[in-house]
Amino acid sequence: MPGMTPPVLDVHGLSRTFQLRSGPVHAVRGIDLAAERGEILGVLGPNGAGKTTTVRMLATLLPPSGGRAVVAGHDLLADPAGVRARIGYVAQSGGLDPNCAVGEELVTQGRMHRLSRAESRARAAELAADLNLGDLLDRPTAALSGGQRRRLEIALGLVNRPEVLFLDEPTTGLDPGSRADLWDLVRRVRHDHGTTVLLTTHYLDEADALADRLVIVDAGSVVAEGAPAELKARHDAATLQDAFLAITGRATDAPAAV
Amino acid sequence: MNRLLSDTGVIFGRSMRQTLRSKTALTFGMLQPLLFLALMGPLLSKLDLRTGGTSWQAFVPGLLVQLSLLGGMFVGLGILVERQAGVIDRMRATPLHPAAPLLGRALRDVVQLVVQSALLVLLGAAFGLRAPVAGVLLGFVFVGLLSAALALLSYGLAMNVRTTPEFAAIANTVVLPMMLLAGLLLPMTLAPGWLDAASRVVPFRYTVDAVRHLYLGEYTDGTVLAGLAVTAGLTVVAFFGGLALFRRSGRTP
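Reading the values: the criteria
Residues numbered from 1 in each chain as written. Chains lettered and ligands numbered in written order. Predicted model: local features only at pLDDT ≥ 70, side-chain atom pairs only at ≥ 80, totals over all residues. Helix = DSSP H or I, 4+ residues; strand = E, 2+ residues; numbered from the N terminus. Rg over C-alpha atoms; globule rule 2.2 N^0.38 Å. Contact = placed C-beta atoms within 7 Å. Nonpolar A, V, L, I, M, F, W, Y, C, P; charged D, E, K, R; others polar. Core = buried A, V, L, I, M, F, W, Y, C linked by C-beta atoms within 7 Å. Buried ≥ 20, exposed ≤ 12 C-beta atoms within 10 Å, placed from the backbone. Expected span 1.5 Å × (residues − 1). Arc of directions from axis to C-beta. Pairing = 2+ DSSP bridges. Axes fitted to C-alpha atoms, helices over the stretch in contact; angles between N-to-C directions. Parallel < 35°, antiparallel > 145°, perpendicular 65-115°, else oblique. Left-handed = near helix turned anticlockwise from the far one by under 90°.

Undergrad: Can you help me understand the overall build of chain B in this one?
TA: On a plain count of helices and strands, chain B comes out with 12 helices and zero strands. The linear arrangement of helices and strands in chain B, starting from the amino end, is α-α-α-α-α-α-α-α-α-α-α-α. In summary, chain B has a C-alpha radius of gyration of 18 Å against a globular reference of 18 Å for 253 residues, a match within 12%. With respect to the three principal axes, the spread of C-alpha positions in chain B is 60 × 35 × 35 Å. Considering only residue pairs separated by 6 or more positions, chain B has 81% of its internal contacts joining residues 24 or more positions apart.

Set out below in structure tokens:
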């Protein structure tokens, strides 16, 4: 029942200014976001638009300069620990230790979420089966392919059955087949567990194919919002590429086609 | 508090498994003190180092402190790799206690360096070191404290530099004068007055003097107590300093 439950993600005026020697840099200038349970929210924008900074703030990794947010029912500023217990965060860099084995990373992630040893092992086995990592458990993460790495990183983000999963540029650097697999995986996570997914991307086709709703950011601000179809209709555009051009006055840095 | 302990245990276990997996880590870190032991130690065996006792009783304690100093100061290189891969961020986005990634790793380093020290002492015994067992065992307490202090500071530094070469430059610049000034290879009993005085500003000087006295069985003459006070004080400062540096790195991009 959309609209009946409070949004799982409710962000108002979130901003972040970095003080550099050359002067202040306003990376994020007061962003509003909302997502409901089970929604896939795409944050689309060119490199440097403030997508990663926004996600890092929402994942409690970077204190905001201003604004407020409720993530999974917990206030970001007042109760970051409550937020951490209920989110999954997959950075663009992934966060895998090259020397660790796949199974070990999964079990340790459970321990970091304060599961008992037995619970951690059970959850690791469950995720390995679910995300098709079962044959790779003894392999060091350095030996994984790009697609396998991403699956493991997402599995790590799902260990605590999060209400909100943050995926920062999840398909950057993946080959077309692995990208398609990852899209299926994200849809399945949402379908099976009702997880809210916030994913950032600069790929227009990915935003179009995967997101229920899009927030387009440029230079630290939200410049448009709506379902992909709405955005296209609003700007009388045949493709999201044309809509994006109409909104921002330029193409994304990355080619949209795959 | 219980959470901090159990979370530190989780990271300690993870770090320890990494260490044990890399078969080179234990031996490679020991290579330098081992070479000094085998190739320099015998040169001193007929010299009077004016510390009372044999040259081995002065030389092996110096090598132990050198092992802690070098081994501890460069552990930050490991966390730099993990930080750049996003491992630390991944940990920080979980309910894990914020200090656990630091303390778990430092605890691993203490265990590793004390074990390496024990091996070094055993090899020293093969070369001719004779020292009271109680003194040798107490010496490991100093090694543990010093290793903890340096590891904590090293991680704190590594979390706040931009690049690996920057870390290596700072660590190298700190370590070499400290090593020479503390009188690790040759004791300051041989030094002219000005050098002896200068070396008294280096905290490791007190650590190594104390361990040398322990190896002579002189437990009660004040040197051991002074060494313990300085070393433990350094560890306390490093504990809070390391935590503050580690916390600070979480507030910047």
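Undergrad: How should the interface of chain B and chain A be read in this particular structure?
TA: A common way to express how large an interface is: the accessible area buried when the components associate. Across the contact, 20 residues belong to chain B and 27 residues belong to chain A. Contributions of two or more residues to the side of chain B that touches chain A are made by helix H1 (2–21), helix H5 (76–85) and helix H6 (87–92) of chain B. The class makeup of the residues in the side of chain B that touches chain A is eight nonpolar, four polar and eight charged.

Undergrad: Help me understand the nonpolar core in this model?
TA: Buried together is how nonpolar side chains tend to be arranged in soluble globular proteins. Judged by nonpolar contacts, the single largest core of 70 residues is most densely connected at Val71, Leu106, Ala155, Phe166 and Leu198 of chain A. Residues contacting Phe166 of chain A, with those up to four places away along its chain left out, are Val55, Leu58, Ala59, Ile87, Gly88, Tyr89, Val90 and Leu198 of chain A. Ranked by size, the runner-up nonpolar core spans 65 residues in total, among them Val65, Leu96, Leu153 and Phe167 of chain B.

Undergrad: When you look at H1 of chain B in this model, what are you seeing that I'm missing?
TA: Residue and element names in this part refer to chain B. Compared with an ideal rise of 1.5 Å per residue, which puts 20 residues at 28 Å, H1 spans 28 Å between its outermost C-alpha atoms and is within 8% of the ideal. Asp7, Thr8, Val10, Ile11, Arg14 and Ser15 are the residues of H1 that are buried. One side of H1 holds all its buried residues, which, seen down the axis, span an arc of 150°. Turned more than 90 degrees from where H1 packs its buried face, Asn2, Leu5 and Leu20 sit exposed.

Undergrad: Whenever I open this one, the sheet that holds strand S2 (residues 23–35) of chain A confuses me. Can you help?
TA: Across a sheet, paired strands are connected by hydrogen bonds in the backbone, their directions being either parallel or antiparallel. Residues and elements named next belong to chain A. A sheet is described by the order of its strands in space; here four strands give the open sequence S2-S1-S4-S5, paired in antiparallel fashion. Each edge of the sheet is formed by a strand with only one pairing partner; in this case those strands are S2 and strand S5 (74–75). In terms of strand pairing, strand S1 (residues 9–20) meets S2 through 10 bridges, oriented antiparallel. Counterpart to Thr17 in the pairing with S2 is His26.

Undergrad: Which parts of the structure should I look at to understand helix H5 (residues 146–158) of chain A?
TA: If you check H5 of chain A, its first and last C-alpha atoms are 19 Å apart, about what 13 residues at 1.5 Å a residue would give, namely 18 Å. Every buried residue belonging to H5 of chain A is among Arg150, Arg151, Leu152, Glu153, Ile154, Ala155, Leu156, Gly157 and Leu158 of chain A, and all of these are buried. Buried-residue contacts for H5 of chain A involve strand S6 (87–90), helix H3 (102–112), helix H4 (117–130), strand S7 (164–168) and helix H6 (176–193) of chain A together with H6 of chain B.

Undergrad: Explanation requested: the environment of His213 of chain B in the structure shown.
TA: Residue and element names in this part refer to chain B. Take His213: it is sitting in helix H11 (residues 203–216). Judged by C-beta crowding, with 27 C-beta atoms within 10 Å, His213 ranks as buried. Sequence-wise, His213 and Gly250 are 37 residues apart; in three dimensions their C-alpha atoms are separated by 42 Å. Residues in contact with His213, not counting those within four places in the same chain, are Glu218, Asp221, Thr223 and Val224.

Undergrad: Would you mind going over the sheet that holds strand S10 (residues 221–226) of chain A with me for this structure?
TA: Residue and element names in this part refer to chain A. One open sheet holds the six strands; their spatial order is S6-S7-S8-S3-S9-S10, and the pairing between them is mixed. In the strand order of this sheet, the two ends are held by S6 and S10, each with one partner. Pairs of neighbouring strands in the sheet enclose a mean axial angle of 15°, with direction left out of account. In the sheet, strand S3 (residues 40–44) pairs with strand S8 (residues 196–201) via five bridges, with the strands oriented parallel. Looking across to S8, one finds that Leu41 is bridged to Leu198.

Undergrad: When you look at the packing of H11 of chain B against helix H12 (residues 223–249) of chain B in this model, what are you seeing that I'm missing?
TA: Packed helices, taken two at a time, are described by their axes: the angle between them and the distance between them. All names here are of chain B. At a minimum axis distance of 8 Å, the contact between H11 and H12 shows a crossing angle of 140°. With respect to H12, the axis of H11 lies oblique. As H11 runs across H12, the sense of the crossing is left-handed. Note on element contacts: H12 touches H11 through Thr223, Val224, Ala226, Gly227, Leu228, Val230, Thr231 and Leu234, opposite Pro203, Tyr206, Thr207, Asp209, Ala210, His213 and Leu214. Among the residues making up the contact of H11 with H12, the classes are represented as nine nonpolar, five polar and one charged.

Undergrad: Sorry, what's going on with the environment of His113 of chain A here?
TA: When you line up the elements, His113 of chain A lands in the loop between H3 and H4. The class for His113 of chain A is buried, based on 20 C-beta atoms found within 10 Å. Taking C-alpha positions, His113 of chain A is 23 Å from Thr54 of chain A, a pair spaced 59 residues apart along the chain. Residues contacting His113 of chain A, with those up to four places away along its chain left out, are Val159 and Asn160 of chain A together with Thr94 and Pro95 of chain B.

Undergrad: How do you make sense of the packing of H3 of chain A against H4 of chain A when you look at a structure like this?
TA: All names here are of chain A. Packing of H3 against H4 leaves a shortest axis separation of 8 Å and a crossing angle of 130°. Considered as vectors, H3 and H4 are oriented oblique to each other. Seen from above, H3 lies across H4 with right-handed handedness. The segment H3 lies against H4, with Gly103, Leu106, Val107, Gly110 and Arg111 engaging Glu119, Ser120, Arg121, Arg123, Ala124, Leu127 and Ala128.

What is shown is where atoms sit, not what they do.
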